[in-house]
Amino acid sequence: MASQNQPDYDVIGIGAGFAGLALIHYMREAGFSVRVFDKAADIGGTWTWNRYPGAASDSECYYYCLTFSKELLQEWQWSVRYPGWEENLRYMHFVADKCDMWPHIQLNKEIVRADYQEDTGHWQITTADGDQCTCKYLVSAMGMISQPVIPDIKGMDTFKGPCFHSARWPQDGLDYAGKRVGIIGAGATTVQMLPVMAETAESVTVFQRTPNFIMPAVQKPMTAEWEQEIKEHYDEIIAKCRNHVFGMAFDSPVGRNLADTPPDEVQRIFEEHWPQGSFRFVFETFDDLLTNPESNRVAGEFVISKMKEKVKDPEVAEMLTPKGYPFFAKRPPLDHGYYEAYNRDNVKLVDIKDREPLVEITETGIRTTENDYELDIIVLATGFQAYTGAQEALAIRGRNGLLLSDKWEDVSASIMGVFVADFPNMFMITGPQAPFANLPTSIEQNIMYIVDCIKKMGDEGFDVCEPQKEAEDEWVEHTADIHAQTLMAQGDRVHSWMMGANLEDRKPRVLIYFGGANVYYDKMRESADAGFPEVEFERIA
Ligand code: NAP
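Everything numeric here is computed off the predicted structure, so don't read it as measured data.

Analysis parameters
- Residues numbered from 1 in each chain as written.
- Predicted model: local features only at pLDDT ≥ 70, side-chain atom pairs only at ≥ 80, totals over all residues.
- Heavy atoms only, no water.
- Salt bridge = Lys/Arg side-chain N within 4 Å of Asp/Glu carboxyl O.
- Helix = DSSP H or I, 4+ residues; strand = E, 2+ residues; numbered from the N terminus.
- Buried < 20%, exposed > 50% of the residue type's maximum accessible area, 1.4 Å probe, protein only.
- Pairing = 2+ DSSP bridges.
- Axes fitted to C-alpha atoms, helices over the stretch in contact; angles between N-to-C directions.
- Expected span 1.5 Å × (residues − 1).
- Disulfide = S-S within 2.5 Å.
- Contact = heavy atoms within 4.5 Å.
- Polar contact = N/O pair within 3.5 Å; in protein donor to acceptor, adjacent residues only side chain to side chain.
- Core = buried A, V, L, I, M, F, W, Y, C linked by side-chain atoms within 4.5 Å.

Trainee: Looking at this structure, I do not really get the pattern of salt bridges. What am I missing?
Mentor: Side-chain pairing between opposite charges can occur once the charged atoms of the two side chains come close. Within the structure shown, the criterion is met by 39 salt bridges. Its salt-bridge partner being Asp235, residue Lys70 comes within 3.9 Å of it at the nearest N-O pair. Taken as a pair, Lys70 in helix α3 (residues 70–75) and Asp235 in helix α7 (residues 234–242) lie far apart in primary sequence, 165 residues in all. The class for Lys70 is exposed, based on a relative accessible area of 60%. Between Asp372 and Arg367 there is a salt bridge, with its nearest N and O atoms 2.8 Å apart.

Trainee: Is there a simple way to think about the sheet that holds strand β15 (residues 372–374) in this case?
Mentor: Neighbouring strands of a sheet are bound in pairs by backbone hydrogen bonds; such pairs are parallel or else antiparallel. With antiparallel pairing, the three strands of this open sheet are ordered in space as β13-β14-β15. Here the strands that pair on one side only, and so sit at the sheet edges, are β13 (358–361) and β15. Pairs of neighbouring strands in the sheet enclose a mean axial angle of 20°, with direction left out of account. When β13 meets strand β14 (residues 365–368), the two strands line up antiparallel, connected through three bridges. Paired with Glu360 across the two strands is Arg367, which belongs to β14.

Trainee: Explanation requested: the sheet that holds strand β7 (residues 163–165) in the structure shown.
Mentor: Reading across from one edge, β7-β16-β8-β9-β12 is the order of the five strands in this open sheet, with parallel pairing throughout. Looking at which strands have only one partner, the edges of the open sheet turn out to be β7 and β12 (347–351). Between one strand axis and the next, the sheet turns by 20° as a mean value, whatever way the strands run. The pairing of strand β8 (residues 180–184) with strand β16 (residues 377–380) spans four bridges and is parallel. Its bridge partner being in β16, Ile184 is matched across the sheet by Leu380.

Trainee: Quick question: what am I supposed to make of helix α15 (residues 439–460) here?
Mentor: The periodicity of an α-helix, 3.6 residues per turn, causes residues three or four positions apart to be oriented the same way. Taking 1.5 Å of rise per residue, 22 residues should cover 32 Å, and α15 covers 32 Å from first to last C-alpha, within 8% of that figure. At the exit of α15 stands Gly461, carrying a positive phi of roughly 70°.

Trainee: Please clarify how the state of the cysteines should be interpreted in this entry.
Mentor: The final tally for this structure, using the stated rule, is zero disulfides. Cys99 forms no disulfide, and the closest cysteine sulfur to it belongs to Cys65, at a distance of 13 Å. Between Cys241, a free cysteine, and Cys65, which holds the nearest cysteine sulfur, the sulfur-to-sulfur gap is 8.1 Å. Among the residues examined, Cys241 registers a relative accessible area of 5% and is labelled buried.

Trainee: Could you clarify how one ought to interpret the environment of Arg355 in this entry?
Mentor: Secondary-structure assignment places Arg355 in the loop between β12 and β13. Under the relative-accessibility criterion, Arg355 is labelled partly exposed at 38%. Considered as a pair, Arg355 and Gln385 are 30 residues apart in the sequence and their alpha carbons are 27 Å apart. Among all residues touching Arg355, those that are not within four sequence positions of it are Glu315, Met319, Thr369 and Glu370. In terms of polar contacts, Arg355 uses its side chain to reach the side chain of Glu315, at 2.9 Å.

Trainee: Which parts of the structure should I look at to understand the nonpolar core?
Mentor: General note: in soluble globular proteins, nonpolar side chains tend to be found buried as a group. Judged by nonpolar contacts, the single largest core of 149 residues is most densely connected at Tyr91, Phe270, Tyr338, Phe419 and Phe427. Among residues more than four places away in sequence, those in contact with Phe427 are Tyr137, Leu138, Val139, Ser140, Val418, Phe419, Ile450, Cys453, Ile454 and Cys465. The next biggest cluster of nonpolar side chains, apart from the first, holds 22 residues, and it includes Ile14, Ile111, Ala390 and Val420.

Trainee: How do you make sense of unusual backbone geometry when you look at a structure like this?
Mentor: Trans is the prevailing form of peptide bonds, just as negative phi is the prevailing case for residues other than glycine. The omega torsion across Ser252 and Pro253 is 5°, close enough to zero to call that bond cis. Not every positive phi belongs to a glycine, and Val218 is a case in point at roughly 60°. Mapped onto the elements of the fold, Val218 is located in the loop between β10 (215–216) and α6 (224–232). One non-glycine residue, Ser278, lies in positive phi territory at about 75°. Position of Ser278 relative to the elements: it lies in the loop between α8 (263–273) and α9 (280–283).

Spelled out as structure tokens, the structure:
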């Protein structure tokens, strides 16, 4: 332990995924001592926990990566457009090895509490095995979508076979070949998992409550020519991400609205873009799909028509048809053969919302109001407590012992998803009320902002960085105003995690800044340039 006035580290980061690795790089470069803890046995965050079959990034590889080193960008070789979890993990090991990050990383260490110490302005963290250490700055690098939601289903503990959340996939793998698998949930995870599992499982039964609008991923190998083109244009790619509304290397806005385009031309444009795959369909066709209800309806109908071309059984297609909510009010998954999987004899879809509600899990499977499904394995692909879950899973106590989870009981307030009033010297990377965007882009932008703040503290001899309540109120109000103008605000009707509406014990809330990631990055720059007016800097006498 260091002396009272000298913390063990300048910075402690919790989480060793993309955010933790980037934190090490930027803090070390700025001359700060940094230690990153993770409860997992490996680095990788999402990619170490979500080892389910088919798990892959939905952002394209060449911008779903860290950009702080030209060498890293030039040396690493991706094999496909959307790398699977194994390849993403290999990439992260490559980053950690190449940048000599391992001495800063402590794995298998779960932080269970973090306490702000009023007398020193430091944070004290405590691990599950009782170790303690201190830092001047605490940084949450725990990820936006990392805390699983485990449903409360009657009889769940009676099931004789493996039953686990998709984000707690057995780290040594799971042999499901020849087994009868049940998946509860039909979100992005299931959309990736089903086609792969169906290839070797005896059967896969999906228990679906709400169908999604699903767009094609269109996986493809990385060719030598494509790789060369990417590597020759990295500066432009990084700039595109920095200036895009969702932090992605897309060519949008396109400067046209569906509302002003003749119907034939709309269909032509949609048909032209659909086979290209990815989220490009939303961002590179028209600029009003997420704001104009009629334009959104037309796009949603096009998506449904494409699903109906693939699914042979009209009854199954009807069950897969999203109804009663706008396209993108739930985050649309990308399809790698999901719809075709329903044409297989060993795949079954069960509508547990309208046709046969789920009653209980039994020793041998799942019982609905109509049937008993005999199963060997049950996967709970039931989603996450997004944006706040990871921070709330440990006891983070700020001024006067205020617990962060209590502060967020009704409103998950922050300043730009980075600062929280009453939690001095604490920063979050992509916390609540930050945008939903290509994560590596947001992570690096957040960290550069945090580094600037910490540098100012050091340069000017401050001890405490105190986020201001008025600035927090302003950001909360601004974020809510923008949210109300988007169609995503209707996500509470369909349990969208984007509003925390998937949590049974919490009210839906505004979790995402929808004013544009690019606008948000500009706001952070303006704040840093203006000396962080949202924060009061103090000295401890
Ligand atoms: P999700 O989209 O929240 O889907 C959870 C599913 O579980 C939904 O179908 C939900 O039904 C169902 N569910 C939840 N509680 C239930 C209950 N008690 N009984 C029955 N069904 C229940 O979760 P996810 O599929 O894990 O994806 C979450 C997010 O993670 C994605 O949107 C994405 O941002 C991220 N993700 C990314 C990737 C990628 O980029 N490659 C892959 C996977 C996930 P309702 O819809 O009716 O609530």
